[in-house]
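In case you want the letters, here they are:
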Amino acid sequence: MSALSVRQVRRRFLLLHGLRWLPTGLMVPVMILLMQERGLTLSEIGLVTVAQGLVVLALELPTGGLADALGRRPVLVVAWLVNLGSLALFAVADSFALFFLVWALQGVFRALDSGPMEAWYVDATLAADPDARYEPGLGHAGTVVGVAMGAGALLGGGLVALGPVGPVSALTVPVLVAIALQAVALVALLVLLVEVRPGSGAGALRASVAEAPRMVGQAFGLLRRSRVLLALVCVELFWGFGMVTFESLLPVRLAEVVGDPDRAAALLGPASSAAWLAGAAGAALTPLLLRWLGAAPSAALLRIVQGATIVGMGLLAGPVGVLVAYLACYTVHGASNPLHMGLLHRQVDGPYRTSVISLNSMMGQPGFAVGAIVLTALADSVSVTVAMLVGAVVLAVAAPLYLPAWRAGRRTGSAIATDPATDPTAEPGRFGAEAPEPEPAVLPPSR
């Protein structure tokens, strides 16, 4: 893969991860307001943003297969170029059609960007040391994302507060800064992400495009043959459904307890930045959780705890109680993702890694869509509180789906402990619950 050490791989991964999310954080405070400033109504804004979801759903798996076949670096370069173009278009867009194109390009970017960097990090880490534990790095990446998003959101809000710069409106200034930061990130990607690929040029590109469908097929094959992998991917369905509560219903709930939508919006701005930082703190707990319970038991417990925080958002009175529960929810959310992704990575060999990540990510799309329809209908017909309670239950119901990974880890740990051929210096069950289930139909674990 490369001549990089485990530490070098991790440092480069975390730096690139932060540079990838910082421009996104800058855009958070101004995206909706800038489109309104340019003449779009709220209903039109809702329609243009649909373009992103449709494109991601259509391209998530094909682009994952392409990254596995062609290489992670070239796919990421194209993704970040597309993002740079979409940000540049966003800075000047002034019509429904142009904003629709912006969000469609964002969909292309997110589909291409979903998985390759993480897959590169895992493969490069294992190439440097086949026994290396990469879960702590995934946890640190969650911390970096939270810090980058929170810092970006605060910076974007500060730039708006400074007012317009010449003919450039105050809401456009953060977009221009995001463009500059995305260009810096692209240069850093070209310099820092080192990948050894079997071929290059037009012939290799044609072969990789032809190979991509087979990679996707192999990912589905793994899903059919592995109970552990199937259960982990199904978690994403319930998770996506439950995420509607704290991503879409929380502002409505906050307005309900405050009694004033404008005041609720003012509270939600800094609360959102704090939530990203809380998620970063949660991700930083990953190494502790791995040592304490192991990946699968911790992930299952956190699903239940996150459901409890959503119950708090739905039942607690007053804005302070709702926001404290909101921050707790994001703390758990930040801790959960690295554990889930670490378990997922243990079930697949390198050549199909990005395809499986894309498949896992894609499962969240229908879950969120169904949740948005069902829970908003419940909020309208019954109450926001009832809708949030239903979402909390559905999210927590996913906890038992981590049992297959936990059982597989225990069996693998016992086999290591009792096998006389095992290296006596090795830690029995070192990888604990994140070890793969020993099913012959599944590709061997890449460690």
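The rules we used
Residues numbered from 1 in each chain as written. Predicted model: local features only at pLDDT ≥ 70, side-chain atom pairs only at ≥ 80, totals over all residues. Heavy atoms only, no water. Helix = DSSP H or I, 4+ residues; strand = E, 2+ residues; numbered from the N terminus. Buried < 20%, exposed > 50% of the residue type's maximum accessible area, 1.4 Å probe, protein only. Expected span 1.5 Å × (residues − 1). Bend = angle between axes of the 7 residues up to and from the residue. Patch = residues over 30% accessible without salt bridge, like charges linked within 9 Å, V, L, I, M, F, W, Y side chains within 5 Å. Areas by Shrake-Rupley, 256 points an atom, 1.4 Å probe, with all protein chains shown as cover. Salt bridge = Lys/Arg side-chain N within 4 Å of Asp/Glu carboxyl O. Phe/Tyr/Trp six-rings, centres within 6.5 Å; stacked < 30°, edge-to-face > 60°. Contact = heavy atoms within 4.5 Å. Polar contact = N/O pair within 3.5 Å; in protein donor to acceptor, adjacent residues only side chain to side chain. Core = buried A, V, L, I, M, F, W, Y, C linked by side-chain atoms within 4.5 Å. Axes fitted to C-alpha atoms, helices over the stretch in contact; angles between N-to-C directions. Parallel < 35°, antiparallel > 145°, perpendicular 65-115°, else oblique. Left-handed = near helix turned anticlockwise from the far one by under 90°. pLDDT = per-residue confidence, 0-100. Nonpolar A, V, L, I, M, F, W, Y, C, P; charged D, E, K, R; others polar.

1. Re the overall build of the protein
A tally of helices and strands in the protein yields 17 helices and zero strands. Counting over 447 residues, the protein shows a buried share of 51%.

2. Side note on helix 10 (residues 227–258)
A rise of 1.5 Å per residue sets the reference length of helix 10, with its 32 residues, at 46 Å; its end C-alpha atoms lie 46 Å apart and thus fit the reference within 8%. The largest bend in helix 10 amounts to roughly 60° and is located at Leu 249, with the proline Pro 251 lying one to four residues further along. One or two residues past the end of helix 10 sits Gly 259, with phi positive at roughly 85°.

3. Some thoughts on a nonpolar patch on the surface
There is a patch of nonpolar side chains on the surface, built from Trp 292, Leu 293, Leu 301 and Val 305 and spanning about 370 Å² of accessible area. Within the fold, Trp 292 resides in helix 12 (residues 286–292). The exposure class assigned to Trp 292 is exposed, which follows from its relative accessible area of 59%.

4. Re the packing of aromatic side chains
Counting across every chain of the model gives six aromatic pairs. Ring centres of Phe 13 and Tyr 121 lie 4.3 Å apart, and the angle between their planes is 10°; this geometry places the pair in the stacked category. With a gap of 108 residues between them, Phe 13 in helix 1 (residues 6–27) and Tyr 121 in helix 6 (residues 116–128) connect regions that are remote in the sequence. Phe 13 sits in the buried class, given a relative accessible area of 1%. Look at Phe 90 and Phe 99: their rings are 5.5 Å apart centre to centre, the planes differ by 75°, and that puts the pair in the edge-to-face class.

5. A closer look at the environment of Trp 80
With respect to the secondary-structure elements, Trp 80 resides in helix 4 (residues 72–92). You can call Trp 80 buried: its relative accessible area is 0%. C-alpha separation for the pair Trp 80 and Leu 112, spaced 32 residues apart in sequence, amounts to 8.7 Å. Excluding residues that lie within four positions of it along the chain, Trp 80 makes contacts with Leu 16, Arg 20, Phe 109, Asp 113, Met 117, Gln 182, Ala 185, Leu 186 and Leu 189.

6. Section: the side chain of Gln 106
Examined against the element boundaries, Gln 106 turns out to sit in helix 5 (residues 96–113). Polar contacts involving the side chain of Gln 106 include one to the side chain of Ser 86, which spans 2.7 Å. Once residues within four sequence positions are removed from consideration, Gln 106 is found in contact with Gln 52, Asn 83 and Ser 86.

7. Overview of the nonpolar core
Core analysis: the biggest nonpolar cluster contains 87 residues, and Trp 80 and Met 313 have the highest contact counts within it. At 14 residues, helix 10 tops the list of elements feeding residues into this core. Ranked by size, the runner-up nonpolar core spans 25 residues in total, among them Val 30, Ala 51, Ala 91 and Trp 103.

8. Some words on the side chain of Ser 336
Inspection of the secondary structure assignment puts Ser 336 in helix 14 (residues 318–345). At a separation of 2.8 Å, a polar atom in the side chain of Ser 336 contacts the main-chain carbonyl oxygen of Val 332. The contact partners of Ser 336, leaving out residues within four places of it in the chain, are Trp 239, Leu 302 and Arg 303.

9. Points about the pattern of salt bridges
Under the definition given, this model contains three salt bridges. The partner of Asp 123 in a salt bridge is Arg 72, and the shortest N-O contact between them spans 2.6 Å. Residue Asp 123 is found in helix 6, and its partner Arg 72 is found in helix 4; the two are separated by 51 residues along the sequence. Judged by its relative accessible area of 11%, Asp 123 is buried.

10. Section: the packing of helix 1 against helix 8 (residues 173–192)
Any two packed helices are characterised by the angle at which their axes cross and by the distance between the axes. Direction vectors running N to C along helix 1 and helix 8 enclose 165°, while the axes themselves pass 8 Å from each other. Here helix 8 runs roughly antiparallel to helix 1, going by the angle between their axes. Regarding helix 1 and helix 8, the two cross each other, and that crossing is left-handed. Residues Arg 12, Leu 15, Leu 16, Leu 19, Leu 22, Pro 23, Leu 26 and Met 27 of helix 1 touch helix 8, and the partners they reach there are Pro 174, Val 175, Val 177, Ala 178, Leu 181, Gln 182, Ala 185, Ala 188, Leu 189, Val 191 and Leu 192.

11. A word on the confidence of the model for the protein
With 81% of its residues at a pLDDT of at least 70, the protein reaches an overall mean of 79. Looking at the elements of the protein, mean pLDDT is at its lowest for helix 9 (residues 201–225), recorded as 59, and at its highest for helix 8, recorded as 95. Segment residues 414–447 is flagged for pLDDT under 50; beyond a separation of four residues in sequence, or across chains, it makes 71 contacts in the model.

12. Things to note about the environment of Ile 310
Note that Ile 310 resides in helix 13 (residues 295–315). Along the chain, Ile 310 and Val 393 lie 83 residues apart, while their C-alpha atoms are 9.1 Å from each other.

13. Things to note about the packing of helix 4 against helix 8
Packing of helix 4 against helix 8 leaves a shortest axis separation of 9 Å and a crossing angle of 165°. Relative to helix 8, the element helix 4 is oriented roughly antiparallel. Handedness of the helix 4/helix 8 crossing: left-handed. Contact with helix 4, carried on its side by Arg 73, Leu 76, Val 77, Trp 80, Leu 81, Asn 83, Leu 84, Leu 87, Ala 88, Phe 90 and Ala 91, involves Val 175, Leu 176, Ala 178, Ile 179, Gln 182, Ala 183, Ala 185, Leu 186, Leu 189 and Leu 190 of helix 8 and no other residues of that element. Here the residues of the contact of helix 4 with helix 8 sort into 18 nonpolar, two polar and one charged.

14. A word on the environment of Val 145
Looking at the element boundaries, Val 145 is found in helix 7 (residues 135–161). Note on Val 145: relative accessible area 11%, which makes it buried. Placed 125 residues apart in sequence, Val 145 and Arg 20 show a C-alpha to C-alpha distance of 8.6 Å. Once residues within four sequence positions are removed from consideration, Val 145 is found in contact with His 17, Trp 21 and Trp 276.

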